[in-house]
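Below, each chain spelled out in residue letters.
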Amino acid sequence: MRSDEYYMQRCLALAEKGLADVAPNPMVGCVIVHNDEIIGEGYHMKYGDAHAEVNAIHAVQNQALLPYSTLYVSLEPCSHYGKTPPCANLIIHHKIKRVVIGCHDPNPLVSGKGIQLLKDAGVEVITGIWEQACSNLNKRFIKYHRYKSPYVILKWAESADGFIAPLPARQEWLSGPEAKVLTHQWRTEEQAILIGRKTAEIDNPQLTARLCKGKNPLRLVIDPHNKLSRHLNIFNQNANTIVFNAECDKLVEQTKYLKLDFSASVSSQILHHLYTMQIISVMIEGGAETIKHFIEENNWNEARVIKTNKTLGNGIPAPNLHTKADSQTQIGADTLEFFINHESWVS
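Given the structure is predicted, the values throughout are model-derived calculations rather than measurements.

## Topic: the overall build of the protein
Stage number 1. Assigned secondary structure in the protein consists of 10 helices and 17 strands.
Stage number 2. A principal-axis box enclosing the C-alpha atoms of the protein has dimensions of 70 × 45 × 35 Å.
Stage number 3. Looking at the protein as a whole, 53% of its 347 residues are labelled buried.
Stage number 4. For the protein, the computed accessible surface area is about 16000 Å², with 50% contributed by carbon and sulfur atoms.
Stage number 5. Averaging the positions of the 35 positive and the 36 negative side-chain charges in the protein gives two centres separated by 4 Å.

Here it is in structure tokens:
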């Protein structure tokens, strides 16, 4: 007989399929088991669409088996009316008597209420199965609800001799083609992407996910005195853009200007704005000064650093996290190092 852990692993594999499509909702997977056989499974596929439990229940061909089955789900079933009805009510309606849950939902609208609703209806509820893995999967969602801030990912590439860009400043791609494709894939997985004014001027990036299938992120740029030319790529029609500045609040076509107080923590103000907009994750792609501010103010959760074989001789020094990488892997000719800010870890 297969264990609860076995079926929860399947829930996690299903949940991960929603990574690029469900934010600001969490990724959730669900399987329904009868006599040690999966009779239905599903995952949350798209924000606003049916939740994992709904899809799994609807996938069961013989609905008469539901009262004699176990439902496994990676995150606590919701108990409130949002864009869809409560999943806990649906489980109760189908008289499912045993539910195994990976981790609690930190959303104050749920936060134990889904579990209590099931228990009050006489459902046997088992919690904490692969809890750490289930929490890690939804680190963005958990950070957003538990700390009222988006999950922050720092990303940069640096030369073999420790520079992020050459001097005099000019556009120069340091990493290989595999890393470029991977970067575009990462953009589909986060809701927003941020750069500073100099990066916008020098590199003129589009900040889209054009090399991968998936949606473009919201583009963010810090431009204190609104000096950036409207002819730059970040102002094209391929995605929406927000300009954080010191002078005005206004809307120009697809570009929104938001005023900040540059005498206070800029990174904290940006994260607060994103929180109010229900943005649960943001990737900071540059430049060195922008990334440095987030590091100095400890407003980051993880970093992805692409170490290349290319040397520059001199240039703009790469940011320093003052810690060793938690893991690394090869991406073509480059080495990708992962760093976790354990002081801000959210699981």
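On we go from here.
## Here's the deal with the pattern of salt bridges
Stage number 1. Applying the stated criterion across every chain yields a total of 13 salt bridges.
Stage number 2. Connected via shared salt-bridge partners are Asp4, Arg98 and Glu124.

## Here's the deal with the sheet that holds strand 1 (residues 29–34)
Stage number 1. With respect to topology, 5 strands assemble into an open sheet ordered 2-1-3-4-5, the strand pairing being mixed. Strands with a single pairing partner mark the edges of an open sheet, and in this sheet they are strand 2 (37–43) and strand 5 (124–126). Averaged over all pairs of adjacent strands, the angle between their axes in this sheet comes to 20°, without regard to strand direction.
Stage number 2. Bridge count between strand 3 (residues 70–75) and strand 4 (residues 98–103): 5 bridges; the pairing is parallel. Its bridge partner lying in strand 4, Leu75 is registered against Cys103.
Stage number 3. Those strands touched by helix 2 (residues 52–59) are strand 1, strand 2 and strand 3, and its axis lies near 140° from that of strand 2.

## A look at the pairing of strand 4
The side chains of a regular strand alternate, residue by residue, between the two faces of the sheet.
Stage number 1. Within strand 4, 5 of the 6 residues are buried, which leaves it mostly tucked inside the rest of the structure.
Stage number 2. Taken together, strand 3, helix 3 (residues 87–93) and strand 4 constitute a β-α-β crossover, and its handedness is right-handed.
Stage number 3. Note: strand 4 against strand 5, 3 bridges, orientation parallel. Residue pairing for strand 5: Val100 is matched across the bridge by Ile126.
Stage number 4. Between strand 4 and its parallel partner strand 5, the chain crosses via helix 4 (residues 113–120), and the hand of that crossover is right-handed.

## Some points on the nonpolar core
Stage number 1. Core analysis: the largest hydrophobic core is formed by 40 residues, its most contacted members being Val31, Ile32, Leu71, Tyr72, Ile96, Val99 and Leu118.
Stage number 2. Tallying contributions element by element places helix 1 (residues 4–15) first for this core, with 6 residues.
Stage number 3. Setting aside chain neighbours within four positions, we find Tyr72 in contact with Asp4, Tyr7, Cys11, Gly29, Cys30, Val31, Val33, Arg98 and Val100.
Stage number 4. Core analysis: the next-biggest nonpolar cluster, separate from the first, contains 31 residues, Leu154, Leu258, Phe294 and Phe339 among them.

## A look at the side chain of His34
Stage number 1. Mapped onto the secondary structure, His34 falls in strand 1.
Stage number 2. Note on His34: relative accessible area 15%, which makes it buried.
Stage number 3. Setting aside residues no more than four positions away along its own chain, His34 makes contact with Ile39, Leu65, Tyr68 and Ser69.

Each value, and the rule that gives it
- Residues numbered from 1 in each chain as written.
- Predicted model: local features only at pLDDT ≥ 70, side-chain atom pairs only at ≥ 80, totals over all residues.
- Heavy atoms only, no water.
- Helix = DSSP H or I, 4+ residues; strand = E, 2+ residues; numbered from the N terminus.
- Buried < 20%, exposed > 50% of the residue type's maximum accessible area, 1.4 Å probe, protein only.
- Areas by Shrake-Rupley, 256 points an atom, 1.4 Å probe, with all protein chains shown as cover.
- Lys, Arg positive; Asp, Glu negative; His and termini not counted.
- Charge placed at Lys NZ, Arg CZ, Asp CG, Glu CD.
- Salt bridge = Lys/Arg side-chain N within 4 Å of Asp/Glu carboxyl O.
- Pairing = 2+ DSSP bridges.
- Axes fitted to C-alpha atoms, helices over the stretch in contact; angles between N-to-C directions.
- Contact = heavy atoms within 4.5 Å.
- Right-handed = clockwise from strand over helix to strand, strands pointing away.
- Core = buried A, V, L, I, M, F, W, Y, C linked by side-chain atoms within 4.5 Å.

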